Amino acid sequence: MIAKRTRDLVRLLGELKTLQERLLKLVEARIDAMKRADMSAMRELVDREEELTRRILERDGLRRQVADAVAEETGCPLRSGRDMTVSQLAGRVGEPARTHLLDAVADLRKIVLRVVRANRVAGAVARELINHVSWVFASVRPAGGKPVGYSGEGAVVGSAEMRLFETVG
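We now turn to the structure provided with this report. As the structure is a computational prediction, the values presented were derived from the model and not from experiment.

**Some remarks on the overall build of the protein**
What the protein contains, in helices and strands, is 4 helices and 2 strands. Put simply, the protein runs from its N terminus to its C terminus through helices and strands in the order α-α-α-α-β-β. Per-residue burial over the protein gives 30% buried out of 169 residues. The contacts of the protein with a sequence gap of at least 6 include a subset with a gap of at least 24, amounting to 53%.

**Description of the nonpolar core**
Residues Leu9, Leu13, Leu89 and Leu101 are the most contacted members of the largest nonpolar core, which totals 38 residues. Contributing elements (two or more residues each) for this core: helix H1 (4–36), helix H2 (39–73), helix H3 (86–90) and helix H4 (97–139). Here this core takes 12 residues from H1, the largest share from any one element. Once you skip the residues sitting within four places of it in the chain, leucine 89 turns out to touch Leu9, Ala67, Val70, Ala71, Gly81 and Met84.

**With respect to unusual backbone geometry**
Outside of glycine, negative phi angles account for most residues, and trans bonds account for most peptide bonds. With an omega of 0 degrees, the peptide bond running from glutamate 95 to proline 96 counts as cis. Looking at the secondary structure, you find proline 96 in the loop between H3 and H4. The backbone of alanine 37 sits at a positive phi, close to 60 degrees, despite the residue not being glycine. Considering the arrangement of structural elements, one finds alanine 37 in the loop between H1 and H2. Although it is not a glycine, arginine 79 adopts a positive phi angle of roughly 55 degrees. For arginine 79, the position within the fold is in the loop between H2 and H3. Arginine 79 sits in the exposed class, given a relative accessible area of 54%.

**A closer look at the pattern of salt bridges**
For the structure shown, the criterion picks out 13 salt bridges. Across the pair arginine 63 and aspartate 60 runs a salt bridge, and its minimum N-O distance is 2.7 Å. Placement of both arginine 63 and aspartate 60 in helix H2 is noted, with a separation of 3 residues, approximately one turn of the helix. Of the residues examined, arginine 63 reaches a relative accessible area of 15% and is grouped as buried.

**A look at H4**
Working note: α-helix, 3.6 residues per turn, so residues spaced by three or four point in the same direction. Counted at 1.5 Å a residue, the expected span for H4 with its 43 residues is 63 Å, and the 63 Å between its end C-alpha atoms agrees. Considered for burial, the residues of H4 that qualify are Ala97, Leu101, Ala104, Val105, Leu108, Ile111, Val115, Ala118, Ala122 and Val125. Those residues of H4 that are buried lie in contact with H1 and H3.

**Observations regarding the packing of H1 against H2**
When two helices pack together, their arrangement is given by the angle between the helix axes and the distance between those axes. Look at H1 against H2: their axes get within 9 Å of each other, and the N-to-C directions meet at 165 degrees. Taken together, H1 and H2 sit at an angle that is classed as roughly antiparallel. At the point where H1 passes H2, the crossing takes the left-handed sense. Looking at the contact of H1 with H2 residue by residue, the class counts come to 21 nonpolar, 3 polar and 13 charged.

The rules behind these values
Residues numbered from 1 in each chain as written. Predicted model: local features only at pLDDT ≥ 70, side-chain atom pairs only at ≥ 80, totals over all residues. Heavy atoms only, no water. Helix = DSSP H or I, 4+ residues; strand = E, 2+ residues; numbered from the N terminus. Buried < 20%, exposed > 50% of the residue type's maximum accessible area, 1.4 Å probe, protein only. Contact = heavy atoms within 4.5 Å. Core = buried A, V, L, I, M, F, W, Y, C linked by side-chain atoms within 4.5 Å. Salt bridge = Lys/Arg side-chain N within 4 Å of Asp/Glu carboxyl O. Expected span 1.5 Å × (residues − 1). Axes fitted to C-alpha atoms, helices over the stretch in contact; angles between N-to-C directions. Parallel < 35°, antiparallel > 145°, perpendicular 65-115°, else oblique. Left-handed = near helix turned anticlockwise from the far one by under 90°. Nonpolar A, V, L, I, M, F, W, Y, C, P; charged D, E, K, R; others polar.

Shown next, in the form of structure tokens:
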């Protein structure tokens, strides 16, 4: 027999896993949009990611409340469940609840790690795109322009009179 609050926590961990899977698909789609240089798709995907992230944070707040309730059911002080790992909570409940909790958190952990890896790839792709665009602009800068200092990011900058392209004859 699994207590109601423990069942709620297992269900909530499953919901968080589903939300993380959706986030992974969005991050992967954003990487594809970056590769295609599809700015409108990137904007839309970023908006959808932000919305989904807000939902994940909201559900995680609920997870903390339910974890508090599970901890209280096992004799822990008020509001102590939010500071415990699911593994610690699982150690306080009996079987089969322990197995269900550990399985749910293992599944969630796997997908969260995949999201973290995908976000690292997205960050690397974005950095490479920025480096490429910076290189392109640096290569079309007029040869006579002398650098006058450094930008906040450490790049060499020219004077305000320097023009990228001559527009008037």
